[in-house]
Amino acid sequence: MRCLASLLLLCACALSAQTKKIVVDREEDDATIQELRSVTPKARIVAVNKSNMMQEIGDADAFIGNITPAEVRAGKNLKWVQVMSAGVENVLFMSGGSELRDSNIVLTNNKIVQGPEIADHAMAMLLALTRRLPRYMAEMKDEVQDHRPFDGIELRGKTAVVIGVGGIGMQIAQRAWAFGMTVIGIDPEDKPFTPFLAGVVKPDQIDEVIPKADVVFISAPHTQLSHKEMGAREFELMKPHSYFIAVSRGGVYDMNGLVKGLDSKRIAGAGVDVTDPEPLPKGHALWKFDNVIITPHIAGRSDQDHERMVGTVKENLARFVDGKPLVNVVDKQKGY
């Protein structure tokens, strides 16, 4: 009997030694936390908030959520951090410290998985602007129709420049190409051949291609190198009566340059789901334009995005406890 008890104790200790402690930011809803707990018995999921974060993270093996420099310092055993979003600037170069960036902790994100809905949103903005839908939607409340000449724009034969052709940008390129547009990408990485892109240039060649664009899409991650990549000068180089669509991060473009382009009527219209600052404050000049569509950073939301985003985390959770390579690993020095 004593031998059996000792054997059970040894088994329990061995199982405990194999179990990984995963701390999850309490911002995630209860259903998501329960999903994570169902992935594997090898992970002990601990939901935390500000009051017990530092207490729990000290012996944690991994963290799911947006981590701060202080939490990185406290997490002496951390080997993996997973953020729920595609963008990682808030935990890397905008966090107030370089602890995570300079550590050996593996960082993973949700790049690529939000591509479909964000690309849909980008094209919806462009189509609404070129088909003058805001004008007609505004008239609906008066139950009248103005039959003045229609000046809609056809996308076929036009040129789109996509700044950042990663998971989101490539999805935008596919959709723009399907509408008959010529698509030019701007990206620091070499891209394999794809029929959706007529060509890809490096960021230092941006001034060569912006004047060709009938629409400029911003779909690049916000990094130290991409900060204000679409600057005031680039807005001045835009083709007259062209369009501007931003769906990744507001820090990638110059807000004042956009307002100036709209004020001068050089730019025909803009659709922005992301701004800097965010949310866009009352009284900001961008609110006054009737040829601008502003949405509150919701392009990444859809009826399917939650399943895909949590799916990435669940996949990585299972891989982490089994010592397998993780997916969507971020190059912490590049920021994507």
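Everything numeric in this text was worked out from a predicted model, so none of it was measured. The residue count restarts for each chain, going from 1 along the sequence in the order it is written. For this predicted model, a pLDDT threshold of at least 70 governs which residues receive local features, and a threshold of 80 or more governs which side-chain atom pairs are given and counted, while totals over whole chains, interfaces and linings are taken from all residues. Water and hydrogen atoms play no part in the side-chain values, which are based on all heavy atoms of the structure.

Another point: the overall build of the protein chain. The helix and strand inventory of the protein chain stands at eleven helices and twelve strands. Expressed as lengths along the three principal axes of its C-alpha atoms, the size of the protein chain is roughly 95 × 50 × 40 Å. Per-residue accessibility, obtained with a 1.4 Å probe over protein chains only, is compared with the maximum for each type, and a residue is labelled buried under 20%, exposed over 50%, and partly exposed between these values. Considering the protein chain as a whole, with its 336 residues, one finds that 47% of them fall into the buried category. Two residues qualify as a contact provided that any one of their heavy atoms is within 4.5 Å of a heavy atom in the partner residue. Contacts spanning at least 24 positions in sequence make up 64% of the contacts within the protein chain whose residues lie at least 6 apart. Every accessible area reported is derived by Shrake-Rupley at a probe size of 1.4 Å, with residue values counting cover from the shown protein chains alone. Surface summary for the protein chain: the accessible area is close to 17,200 Å², and the carbon and sulfur share equals 55%. Counted charges follow a simple rule, with Lys and Arg positive, Asp and Glu negative, and His plus the chain ends left uncounted. Where a charge lies is defined by one atom per residue type: Lys uses NZ, Arg uses CZ, Asp uses CG and Glu uses CD. Measuring between centres, the 40 positive side-chain charges of the protein chain sit 3 Å from its 43 negative side-chain charges. Note on conventions: DSSP H or I runs of at least 4 residues are helices, E runs of at least 2 residues are strands, and numbering of each starts at the N terminus.

For Ile 64, the position within the fold is in strand S3 (residues 62–64). The class for Ile 64 is buried, based on a relative accessible area of 0%. When the C-alpha atoms of Ile 64 and Ile 22 are compared, they prove to be 7.4 Å apart, with 42 residues separating the residues in sequence. When near neighbours in sequence (up to four residues on either side) are disregarded, Ile 64 contacts Ile 22, Val 23, Val 24, Asp 25, Leu 36, Gln 82, Met 84 and Val 313.

Now for the packing of aromatic side chains. Between 30 and 60 degrees the pair is tilted, below 30 it is stacked and above 60 it is edge-to-face, where a pair is any two Phe, Tyr or Trp rings, Trp via its six-membered ring, whose centres lie within 6.5 Å. Tallying each qualifying case throughout the model produces five aromatic pairs. Between the aromatic rings of Trp 80 and Phe 320, the centroid separation amounts to 5.1 Å while the plane-to-plane angle is 40°, which identifies the pairing as tilted. Here Phe 320 lies in helix H11 (residues 305–321) and Trp 80 lies in strand S4 (residues 80–82), a separation of 240 residues in the sequence. Of the two residues examined, Trp 80 and Phe 320, each falls in the buried class.

Two strands make a pair as long as DSSP finds a minimum of two bridges between them. In space, the seven strands of this open sheet follow the order S8-S7-S6-S9-S10-S11-S12, with parallel pairing throughout. At either end of the open sheet lies a strand with only one pairing partner, and these are strand S8 (199–201) and strand S12 (292–294). The sheet shows a mean angle of 15° between the axes of neighbouring strands, direction not considered. Between N-to-C directions, angles span 0 to 180 degrees; the directions come from axes that are lines fitted to C-alpha atoms, helices contributing only their stretch in contact. Running at roughly 150° to strand S10 (residues 242–246), helix H5 (residues 115–130) makes contact with strand S9 (215–218), S10, strand S11 (267–272) and S12 of the sheet. Running at roughly 140° to S11, helix H10 (residues 255–263) makes contact with S10, S11 and S12 of the sheet.

Moving on to the pairing of strand S7 (residues 182–186). Of all the five residues making up S7, four are buried; the element is thus mostly covered by neighbouring parts of the structure. Alignment of strand S6 (residues 159–163) against S7, held across five bridges, turns out to be parallel. Across the sheet, the residue bridging to Ile 163 is Ile 186, located in S7. A clockwise course of the path from the first strand over the helix to the second, judged with the strands pointing away from the viewer, identifies a crossover as right-handed. Assessed by its sense of winding, the connection that carries the chain from S6 through helix H7 (residues 167–178) to S7 is right-handed. In terms of strand pairing, S7 meets S8 through three bridges, oriented parallel.

Definition used for salt bridges: Asp or Glu carboxyl oxygen within 4 Å of a side-chain nitrogen of Lys or Arg. Counted by the stated rule, this structure contains 24 salt bridges. Residue Glu 35 pairs with Lys 314 through a salt bridge whose shortest N-O separation is 3.3 Å. Taken as a pair, Glu 35 in helix H2 (residues 30–37) and Lys 314 in helix H11 lie far apart in primary sequence, 279 residues in all. Note on Glu 35: relative accessible area 27%, which makes it partly exposed. Between Arg 233 and Asp 207 there is a salt bridge; the shortest N-O distance is 2.8 Å. Separated by 26 residues along the polypeptide, Arg 233 in helix H9 (residues 232–237) and Asp 207 in helix H8 (residues 206–209) bring together distant segments of the chain. Accessibility expressed as a relative area gives 26% for Asp 207, which makes it partly exposed.

Looking now at the side chain of Ser 242. Within the secondary structure, Ser 242 sits in strand S10. Once you skip the residues sitting within four places of it in the chain, Ser 242 turns out to touch Ala 213, Asp 214, Arg 266, Ile 267, Ala 268 and Gly 269.

Bringing the sheet that holds S3 into the picture now. If you walk across this open sheet you meet the five strands as S2-S1-S3-S4-S5, and the pairing is parallel. The sheet terminates laterally at strand S2 (43–48) and strand S5 (106–108), the two strands that pair on one side only. Averaged over all neighbouring strand pairs, the angle between strand axes comes to 20°, with direction disregarded. The sheet contact formed by strand S1 (residues 20–25) and S3 spans three bridges and is parallel. Across the sheet, Val 23 pairs through a bridge with Phe 63, a residue of S3. Across the sheet, H2 is in contact with S1, S2 and S3; its angle to S2 comes to roughly 165°. Each of S1, S2, S3, S4 and S5 touches H11; the most contacted strand, S4, lies at about 170° to it.

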